Every structure is written in structure tokens, then in C-alpha cells.
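Each chain is listed here by its residues.
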Amino acid sequence: MVPLPEHRLALLGGGFSTDDDGLLDDWVLGHARTSRPKVCFVPTASGDAPAYVERFLAAFTRRRSCDPGVLPLFRRELDDTALRTFLLAQDVVYVGGGNTANMLAVWRAHGVDRLLREAYDRGTLLCGISAGANCWAEGSLTDSYGPLTSLSDGLGLLSGSVCPHYDSEPGRRPAYRAAVESGALPAGWALDDGVGALFTDGRLTETVARASRADLYRVDHDGERAVPCRRLTADAGPTCAPLRPARP
């Protein structure tokens, strides 16, 4: 009997769009299921901003260890059959930042939400930064509507909620803690910029950071607790001994 593939997704507090060292992106590629993965960038949350796409291609084309591609939806080029074939052929789907609410609406209009679930079930590694981290959970803290507010209609591939930019954007920490304490959002995970968190079959299995003062936090009704992160360095290997699984 063929074993079912693991369900894996990674929340990123950085990557090619914010960091010059490439450490978090190399960490992601180190967890791909093949030695030369196909990596698809999904820039929907930015409105398929050309500069964002160009930055991704510049960062990943120079890596000989992967085959990068891009999925535009505002000027969609693929019919439904070709879109499904393309997404299911990817080893890594990398979602960019921007407006979480708009991105989810566009995905649902094009059926991308269903295809991402199918890819996830088949073992594709899903990841992303900011809106690209928010989208995988049940809910998130977002500025999609202007002021920081709770968004409760994420894809739900990860139980609970997510808050990015926990240390870098004013108001994020108190707003997220208040949302969880009030029940507006379920308990979840808050990421400082510079952090990476890998979830396998819904449980946290690895945490890394490219900076010594970056942390991942578990936030629930009792407050927050920091989760230890392994420091990434340029000569470090892509993986380490996994954490004891934590229930999300």
C-alpha cells in the first residue's frame, strides 16, 4: 500500500522580497520533495505586481537547484484544465504578500483555493509571507480593510489563526492578543520578521530564524509563549532535528 504524502506548509517572516541573504528561501527549498523542485510564485495579493514578480524570478532563477514559475491571475493565461495541471505539477507553491482578503476572493473566483487544497493533499509544500502566511489558516489578523482587524475565512489548511509582522508593525501584538482573548480569532501563531515555521500534518515540526532576535509565538487565551528557533546561517544545512510536535 502506497503511503499517503505528508501535508506540509511553511509560514515565512521573510524571504526574497525582504531579505538579501536568501536564508529562508534556501530553507524552504531544502524541504521540497525533490532535489530540483518546481517553485511557483503566486503574486495575487499584490495584484500581480510586475516588480514583485521580477524580484522573485531574479532571486530564484539564479538558483540552479530549482525551476521557478509564476501564476498570474489578473491576466490569466490558462484555462481550467491547464491551470490544474500547472499547479499540481509544482513541488512548492510560494505565495506573496499584499491584501489577504482580495487574494482569497480572487482565488475563489478562479477555483485556485480548491486546487491548492488538492496540491496540499498530494504533498506539495505550501508557503508564503504576510498575506501568503495568513491565507493557510482558519483566520488571521490583517490590514486588508485598512485598520488591523480579524479575518475569519482563510483556507483552513492550518488550524487556528496567524499574525505576521508581530515585531515590526505597530499595533500588531496588542491587536492579535486582544482578538484571541476575545474569541474573534482562534488561538494561533504570531511570527516576527525573519522567522520560518514548518507544519507537518497540522503540527509544528520545525522553527528557524535568520536573526537572533526573531521569534515564533504561540498565542492563546492565557497570553503568548515564545517557541525556540534554530538560527539559520549561510553554511547551515537545510534541516535539523524536528521539534516535538505541538498541537496547533
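For the structure, see preceding data.
Owing to the predicted nature of the structure, the values given are computational and were not obtained by experimental measurement.

Trainee: What should I look at first to understand the sheet that holds strand E9 (residues 188–191) in this one?
Mentor: Paired through their backbone hydrogen bonds, the strands of a sheet run either parallel or antiparallel. Pairing is mixed in the open sheet, where 6 strands are placed in the order E7-E6-E8-E9-E12-E13. One side of each edge strand has no neighbouring strand; the edge strands of this open sheet are strand E7 (149–151) and strand E13 (223–227). Strand-to-strand twist of the sheet, defined as the mean angle between neighbouring strand axes without regard to direction, takes the value 25 degrees. Alignment of strand E6 (residues 137–142) against strand E8 (residues 158–163), held across 3 bridges, turns out to be parallel. Each bridged residue has a counterpart across the sheet, and for Ser 140 the counterpart in E8 is Val 162.

Trainee: For this particular structure, what's the right way to read unusual backbone geometry?
Mentor: Trans is the prevailing form of peptide bonds, just as negative phi is the prevailing case for residues other than glycine. A positive phi angle, close to 60 degrees, is found at Asp 48, a residue other than glycine. Position of Asp 48 among the secondary structure elements: in the loop between strand E2 (38–42) and helix H2 (50–61). On the basis of relative accessibility, which here comes to 13%, the residue Asp 48 falls in the buried class. Residue His 165 is not a glycine yet carries a positive backbone phi of 55 degrees. With respect to the helices and strands, His 165 occurs in the loop between E8 and helix H7 (172–182). What makes His 165 buried here is its relative accessible area of 14%.

Trainee: What am I meant to see in the state of the cysteines here?
Mentor: A covalent bond between the sulfur atoms of two cysteines is what we call a disulfide. For the coordinates displayed, the defined rule picks out 0 disulfides. In this model Cys 40 remains outside any disulfide bridge; the closest cysteine sulfur is found in Cys 127, 10 Å from its own. Free of any disulfide, Cys 127 has its nearest neighbouring cysteine sulfur in Cys 135, separated by 9.7 Å.

Trainee: Quick question: what am I supposed to make of the packing of aromatic side chains here?
Mentor: How two aromatic rings sit relative to each other is given by the distance of their centres and the angle of their planes. According to the stated counting rule, one finds 15 aromatic pairs in the structure shown. Taking the centre distance of 5.8 Å and the plane angle of 35 degrees together, the rings of Phe 16 and Tyr 52 count as tilted. Of this pair, Phe 16 sits in the loop between strand E1 (8–12) and helix H1 (23–30) while Tyr 52 sits in helix H2, and the two are 36 residues apart along the sequence. We note that Phe 16, like Tyr 52, is buried. Arranged with centres 6.0 Å apart and planes meeting at 85 degrees, the rings of Phe 16 and Phe 60 form a pair that is edge-to-face. Taken together, the residues Phe 16 in the loop between E1 and H1 and Phe 60 in helix H2 connect sequence positions 44 residues apart. Taking relative accessible area as the criterion, Phe 16 reaches 4% and is therefore assigned buried. What links up through ring pairs into an aromatic cluster is the set Phe 16, Phe 41, Tyr 52, Phe 56, Phe 60 and Tyr 94. Sitting above the plane of the Tyr 217 ring, Arg 173 keeps its charged end 4.9 Å from the centroid.

Trainee: What is the right way to read the packing of helix H4 (residues 100–110) against helix H5 (residues 112–121) from this model?
Mentor: When two helices pack together, their arrangement is captured by the angle between the axes and the distance separating the axes. Running from N to C, H4 and H5 point in directions that differ by 85 degrees, and their axes come no closer than 5 Å. The angle between the axes of H4 and H5 places the two elements in the roughly perpendicular class. For the pair formed by H4 and H5, the contact residues are Trp 107, Arg 108 and His 110 on the first element and Val 112, Asp 113 and Leu 116 on the second. Considering only residue class, the contact of H4 with H5 consists of 3 nonpolar, 1 polar and 2 charged.

Reading the values: rules and limits
- Residues numbered from 1 in each chain as written.
- Predicted model: local features only at pLDDT ≥ 70, side-chain atom pairs only at ≥ 80, totals over all residues.
- Heavy atoms only, no water.
- Pairing = 2+ DSSP bridges.
- Helix = DSSP H or I, 4+ residues; strand = E, 2+ residues; numbered from the N terminus.
- Axes fitted to C-alpha atoms, helices over the stretch in contact; angles between N-to-C directions.
- Buried < 20%, exposed > 50% of the residue type's maximum accessible area, 1.4 Å probe, protein only.
- Disulfide = S-S within 2.5 Å.
- Phe/Tyr/Trp six-rings, centres within 6.5 Å; stacked < 30°, edge-to-face > 60°.
- Lys NZ or Arg CZ within 6 Å of the ring centre and 35° of its normal.
- Parallel < 35°, antiparallel > 145°, perpendicular 65-115°, else oblique.
- Contact = heavy atoms within 4.5 Å.
- Nonpolar A, V, L, I, M, F, W, Y, C, P; charged D, E, K, R; others polar.

Any link to function would need more than the numbers given here.
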